Amino acid sequence: ETLKRNQRSSETLINKRFPSIVCGPKDRVYTVYTANEKESSDIYLQCYDGEKVSEMIPIANTDADEYDAAIIMDKNHKFWIAWTSNQSGRYKTHMACFRDVNKIDRLGILSLPGDDVMHPRMAVDRNGDLWITYYQWLDYKGRSRDREVYVRKLSNNKWSAPIQVSPNDVPWYEDHTEPAIIPYDNGVMVAWGWDYHGPYDQYSKYVNTPSVFVRAIKDTGIVGPIHSVSGKNIDMTPAMISLEDQKVYCVWDSMDSGCMRSLSFAYPSTTEDIPAGKIQQLCKAKNICSPCFASDEKGLLSLVWSETKDYQN
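Source: prediction; values computed, not measured. (Residues numbered from 1 in each chain as written. Predicted model: local features only at pLDDT ≥ 70, side-chain atom pairs only at ≥ 80, totals over all residues. Heavy atoms only, no water.)

Asker: Quick one: what's the story with the overall build of the chain, residue by residue and with numbers?
Answerer: Secondary structure assignment for the chain yields one helix and 23 strands. Rg of the C-alpha trace for the chain: 20 Å, near the compact-globule value of 20 Å for 313 residues, within the 12% margin. Counting all 313 residues of the chain, 46% fall into the buried class. Taking the contacts inside the chain whose residues are at least 6 apart along the sequence as the reference set, 42% of them involve residues at least 24 apart. Summed over all atoms, the accessible surface of the chain reaches about 16600 Å², with 48% contributed by carbon and sulfur. (Helix = DSSP H or I, 4+ residues; strand = E, 2+ residues; numbered from the N terminus. Rg over C-alpha atoms; globule rule 2.2 N^0.38 Å. Buried < 20%, exposed > 50% of the residue type's maximum accessible area, 1.4 Å probe, protein only. Contact = heavy atoms within 4.5 Å. Areas by Shrake-Rupley, 256 points an atom, 1.4 Å probe, with all protein chains shown as cover.)

Asker: Describe the sheet that holds strand 6 (residues 79-85), naming the residues involved and giving the relevant values.
Answerer: Ordered by their spatial adjacency, four strands build an open sheet running 5-6-7-8, and the pairing between neighbours is antiparallel. The two strands at the open ends of the sheet, each matched to only one other strand, are strand 5 (66-73) and strand 8 (105-109). Along the sheet, successive strands turn relative to each other by an average axial angle of 20°, direction set aside. (Pairing = 2+ DSSP bridges. Axes fitted to C-alpha atoms, helices over the stretch in contact; angles between N-to-C directions.)

Asker: Which residues make up the packing of aromatic side chains, and what are the values?
Answerer: Applying the stated criterion across every chain yields a total of 18 aromatic pairs. With a centroid separation of 5.3 Å and an interplanar angle of 80°, the aromatic rings of W194 and Y203 are classed as edge-to-face. Three or more aromatic residues link up through ring pairs in this structure, and these residues are W192, W194, Y196, Y200, Y203 and F213. (Phe/Tyr/Trp six-rings, centres within 6.5 Å; stacked < 30°, edge-to-face > 60°.)

Asker: Outline the sheet that holds strand 17 (residues 227-228), supporting the account with residue identities and numerical values.
Answerer: Pairing in this open sheet of four strands is antiparallel, and the strands run 14-15-16-17 from one edge to the other. Because the sheet does not close on itself, it has two edges, and the strands there are strand 14 (176-184) and strand 17. In the sheet, strand 14 pairs with strand 15 (residues 187-195) via seven bridges, with the strands oriented antiparallel. Opposite Y184, over in strand 15, you have G187 as the bridge partner.

Asker: Go over the side chain of D116 with me, naming the residues and quoting the values.
Answerer: Position of D116 among the secondary structure elements: in the loop between strand 8 and strand 9 (117-124). No salt bridge forms around the buried D116; measuring N to O, its nearest opposite-charge neighbour R90 is 4.0 Å away. Among the polar contacts made by the side chain of D116, one reaches the main-chain amide nitrogen of Y91 at a distance of 2.9 Å. In contact with D116, not counting residues within four places along its chain, are R90, Y91, Y135, Q136 and W137. (Lys, Arg positive; Asp, Glu negative; His and termini not counted. Salt bridge = Lys/Arg side-chain N within 4 Å of Asp/Glu carboxyl O. Polar contact = N/O pair within 3.5 Å; in protein donor to acceptor, adjacent residues only side chain to side chain.)

Set out below in structure tokens:
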């Protein structure tokens, strides 16, 4: 009856979510997102030129489930889009690129054979090479039970083999998910959520629940040591940004023992674990999530997030 009163009994309501945004030449802003335009999740692109927003441009609109896209621009002003799709029967990373929105090149599947791959995120290092990170489910006794984080680098039009970022010397049931990636030094830095059951002698003593860790990867593929960023709350979904002076900022969702959620912030380090005294709490709410950084040309940071407000109080 509510649907009838609002004339919605036959019309599909369009939800748009998982946005990713990048600024391009000539003051243009490009956004990709997931929308259920035709009763399945699809990927669309829109461009804002300072005056108007373009029509929805379909990047992936098959009958498959396609979602969680990310967009980035390289140093040659070429745009790259990566998203998750089960067109092949498994969830894989698909990619597209363009310089002109009227000539989008759909590159197909990036992921190697194996189990489901999710949450692709990209960065361009200081040499101009494109990197992508993601997490992949791994088979354990016939079931998809383990999740690990990887990176690959595109250099001279060739992708490297996957480089495992998450540790391989801890139990298989410790999941590693939702990585973020930024340019760092002569390579990249990756942050991710680790379902940590330690402490272990070789890893942080400061955390004992799902926590955020970071690791640097050089352009040669050499991985650095792993260090914790967050504390002893339930910490997940990190976002990072690095400025020209290589100062790195990391923010994440955090939930304490009283189920109160907040955004927490720290400066991650590739040489030491971050103690609780160096973690800042930015804001609290009953439900808070999806932090995202941006920076202008002068290095001024902006932070955006989503939170639920209690209007009864």
